[in-house]
Amino acid sequence: MPTAQPRAQATFTGGFNAEALSDFLQSRDEPGWLVQQRREALAKFEAASWPTLRDEEWRRTDIRALKLSAFAPPSHGEPGSAARAAVEPMRARLASHSGTGLVQIDGTIAQRPDTVGLPSGVVFLDFDTAARQHPELIRRYFQTQAVSTDADAFSALHGAFFTGGVVLYVPRGVKLETPLYHLIGLTTEGSVDFSHTLVVLEEGAEATLVQETTSVARQTPGLHVGAIELIQAPGSRLRFVNIQNWDSHTWHFSRERALVGKDAQLQWTVGGLGARLAKVNQEVALTAAGANAQVNGVMFTTGRQNLTYITRQDHQAPNTTSDLLYKGVLKDSSRIVWKGMIRVEKDAQKTDAYQKNNTLLLNDTARADSIPGLEIEANDVRCTHGATAGQVDEEMVFYLQARGVPRETAVRLIIEGFFANVYDRMSLESVQETLREAVETKLSI
Amino acid sequence: MSDKVLKINDLHVAINGKEILKGVNLTIRQGEVHALMGPNGSGKSTLSYALMGHPNYDVTQGTATVDGVNLVELEADERAKLGVFLAFQYPTSIPGVTLANFLRHAVTNVRNPNRKEGEDLLPMRDFRKELKASMDELGMDAEFARRYLNEGFSGGEKKRAEVLQMSMLRPAFAILDETDSGLDIDAVRVVSEGVNRVAAKAHTGVLVITHYQRILNYIQPQFVHILFGGRIVESGGTELVTKLEQEGYDWIRAKYPLEAQIEDELEANATGALPAAAR
């Protein structure tokens, strides 16, 4: 409906304009090429159209209540002791299963990783420091290969105002045994998070990064507009976990894409626990022969949460494999939308691709939408998909109750069990535990 | 502690509005062993499910009490806390929940009936030690505790897991619902010995529900009852077992023509009308 566009166009950008960008840049000391990129992204943002329910990707994701005018571009503040204390339980949990980590609270670094113990050449830094110290790295990989600012209004907005986030670069042949973590916390009213995650593994490198977001329950809405880029050279192995655990007033928009090179292996697990509404585009591209991606999803929604995941498995080369398993548990009037696509290019013969979505509905008012999709250009492939939706099996509940387990605990055990086959796919126990504990914490609320 | 009494009084039970039990009377004291026999569809499994509190089984009349507390009004977990245990004929598989984790919750709740949701579970170390000892007694591999509950268990493993649960929960009353079905004779012996050992230790009153004599060679009943047409029509000693083994149910049919008619109807409906759990 082109006629409806101008009115929406005029208002959606809120305070995210050229003037705000200038002010924003004033407070930062950034190289010219980066400033230029931001300006270009802002122009795209201003020219973009605001998503509506008429757009295919947004049909089940209603953001009419989101007003960008309620937010200001990210600003720096010094996290006070209260902010640190609020984030500490989650930090402690992550730290107990990992090596060193980066903590950012309200856009400011609250803990820098201890890089002393890391092998030489490894870069594990907050984004701003990395951009200053390793400009060549950032220029080469940042928004050039995996994620672009052209996708939609949010990707352009992110490109213009991104702040914070993490860069992990592992040089050729270096294997990091211990998981690293990155925690993003929001504690103040109306604060926003525009973090960018960039992971680059060179040939034969190995690493594990666990990322979690958290925010203390606030009265006013919060906003996350983020991006994740995972870039893997041949033979590298990456385990990446990102757990979205915002409070229920926060809007979450994220563009995420991995490029998995020749014989490289990716195990990517997403946890969707928090947010008022989330719209996530999670994509893996198998770019060369022998690339393998395992994609896991654990979602648990309550109240009126609405999480939308648009996934894509791009098979661009022969003999590539991908295996996606998303599992969701929905309570109250919450909703989870999963729309998956397996795309197999003409040259990608002998592709083996799988996608599966299982959901468990705890209430009649909860709703799950599973929309698998296949686009196959090659003729010698194996692509399968499946989706199930069901309720907690009363026979299971009875069996547990018959052994003295109260109903509420019985249901909780069944839900934990429902997620278990996702945990079982994760080869690192510490990573399993991180996710399991995040889910258990939410379950016990 | 004085012995508890499980008293079933004029119990009527319906499934989907169809009455299956039509006034069952039975009293079991702790330490006693009772056998309940009867043809297919006579209501044996219905009695066990109704006593344990399966939501699909409506008690339309009568009571079942443990020391005066009416089970009928309680949730299944509260019945378990009062000391009632059902060894299921077809134990339910629960994917993703390990036998050990499940049992830790079960044992904690049953031993601390006043425990509030969310309070601490039994200390892991003590629990593991006890579980290991119980598993050793039953000749079960320790690895078994890490498997998901009944998931992919063979028939024999399932029954053994039921007895393991009984052993850990030390119930005052255990109903064994066709625990011998689907087992070969060696497995029947192992499982029966397990039951006897637990029952002796916990002074458990046992109700063995079975079609066949063979399990009763191992778990020897003092009292034998015949459930027929939804009622217990005969009670006696082991001579009843021998008589059934030799003569079948024809003499019962002849002696109780009214019940025989009901029994025929129930049998016709047995496979069609029962919910999945009872099949």
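Residues numbered from 1 in each chain as written. Chains lettered and ligands numbered in written order. Predicted model: local features only at pLDDT ≥ 70, side-chain atom pairs only at ≥ 80, totals over all residues. Heavy atoms only, no water.

Moving on: the overall build of chain A. Broken down by element type, chain A carries 10 helices and 21 strands. A globule of 445 residues ought to have a C-alpha radius of gyration of about 22 Å, and chain A, at 21 Å, matches this closely. By its C-alpha atoms, chain A is 65 × 55 × 50 Å across when sized along the principal axes. The buried share of chain A, reckoned over its 445 residues, is 60%. For chain A, the share of sequence-separated contacts (at least 6 apart) that also reach a separation of at least 24 residues comes to 84%. (Helix = DSSP H or I, 4+ residues; strand = E, 2+ residues; numbered from the N terminus. Rg over C-alpha atoms; globule rule 2.2 N^0.38 Å. Buried < 20%, exposed > 50% of the residue type's maximum accessible area, 1.4 Å probe, protein only. Contact = heavy atoms within 4.5 Å.)

All names here are of chain B. Looking at the element boundaries, S134 is found in helix α4 (residues 124-137). You can call S134 buried: its relative accessible area is 9%. A distance of 3.1 Å separates the side chain of S134 from the side chain of S167, its partner in a polar contact. Residues within four places of S134 in sequence aside, it is in contact with L164, S167 and M168. (Polar contact = N/O pair within 3.5 Å; in protein donor to acceptor, adjacent residues only side chain to side chain.)

So, about the sheet that holds strand β2 (residues 18-29) of chain B. Residues and elements named next belong to chain B. Here we have 4 strands laid out as an open sheet, ordered β2-β1-β4-β5, and antiparallel in their pairing. Of all strands in the sheet, those with a lone pairing partner are β2 and β5 (69-70), marking the two edges. Here strand β1 (residues 5-15) runs beside strand β4 (residues 57-66); their pairing, made up of 8 bridges, is antiparallel. Bridge pairing in β4 links A14 to D58. Contacting β1, β2 and β4, helix α1 (residues 44-52) crosses the sheet at an angle of about 110 degrees to β1. (Pairing = 2+ DSSP bridges. Axes fitted to C-alpha atoms, helices over the stretch in contact; angles between N-to-C directions.)

Another aspect to go through is the layout of surface pockets. Of the volumes computed, that of the largest pocket is approximately 890 Å³. For the lining of the largest pocket, the secondary-structure elements that each account for two or more residues are α9 (407-423) and α10 (429-443) of chain A together with α3 (99-111) and α4 of chain B. Considering every element that reaches the lining of the largest pocket, the biggest residue donor is α4(B), with 6 residues. When the residues that make up the lining of the largest pocket are grouped by side-chain class, the tally is 12 nonpolar, 6 polar and 11 charged. (1 Å grid on protein atoms, 1.4 Å probe; cavity = no way out; pocket = protein on both sides within 12 Å on 5 of 7 lines; lining within 4 Å. Points joined across faces, edges and corners; volume = space filled by probe spheres on them. Nonpolar A, V, L, I, M, F, W, Y, C, P; charged D, E, K, R; others polar.)

Listed by partner, the interface residues are 37 residues for chain B and 20 residues for chain A. When the two sides are added together, the surface that chain B and chain A hide from each other amounts to roughly 2,300 Å², 62% of it contributed by carbon and sulfur. Where chain B meets chain A, there are 1 salt bridge. One salt bridge connects R403(A) with E162(B), and the closest N-O pair in it is separated by 2.5 Å. (Buried area = accessible area lost by both parts, 1.4 Å probe. Salt bridge = Lys/Arg side-chain N within 4 Å of Asp/Glu carboxyl O.)

Another aspect to go through is the pairing of strand β5 (residues 180-186) of chain A. Residue and element names in this part refer to chain A. Most of β5 is tucked away: 7 of the 7 residues are buried. In this structure, strand β1 (residues 101-105) lies alongside β5, joined through 5 bridges in parallel fashion. The residue bridging L102 from the neighbouring strand is H182, located in β5.

One can find R189(B) in helix α6 (residues 185-202). Along the primary structure R189(B) and Y218(B) are separated by 29 residues, whereas in three dimensions their C-alpha atoms are 6.5 Å apart.

Below, the discussion takes up the domain arrangement of chain A. All names here are of chain A. Once the domains are mapped, chain A shows domain 1 (76-391) and domain 2 (392-445). Domain 1 and domain 2 are separated by 24 Å when their C-alpha centres are compared. Listed as interface residues are 37 residues of domain 1 and, on the opposing side, 23 residues of domain 2. Counting each side, the surface lost to burial between domain 1 and domain 2 is near 2,500 Å², with a carbon and sulfur contribution of 68%. Between domain 1 and domain 2 we count 1 salt bridge in total. For D323, the salt bridge is made with R425, and the minimal N-O distance between the two is 3.1 Å. Across the contact surface, domain 1 and domain 2 share 12 residue pairs in polar contact (both at pLDDT 80 or more). With 8 residues, strand β14 (residues 292-301) is the largest single contributor of residues to the side of domain 1 that touches domain 2. Of the residues in the side of domain 1 that touches domain 2, the class split is 16 nonpolar, 16 polar and 5 charged. (Domains from an automatic or database assignment.)

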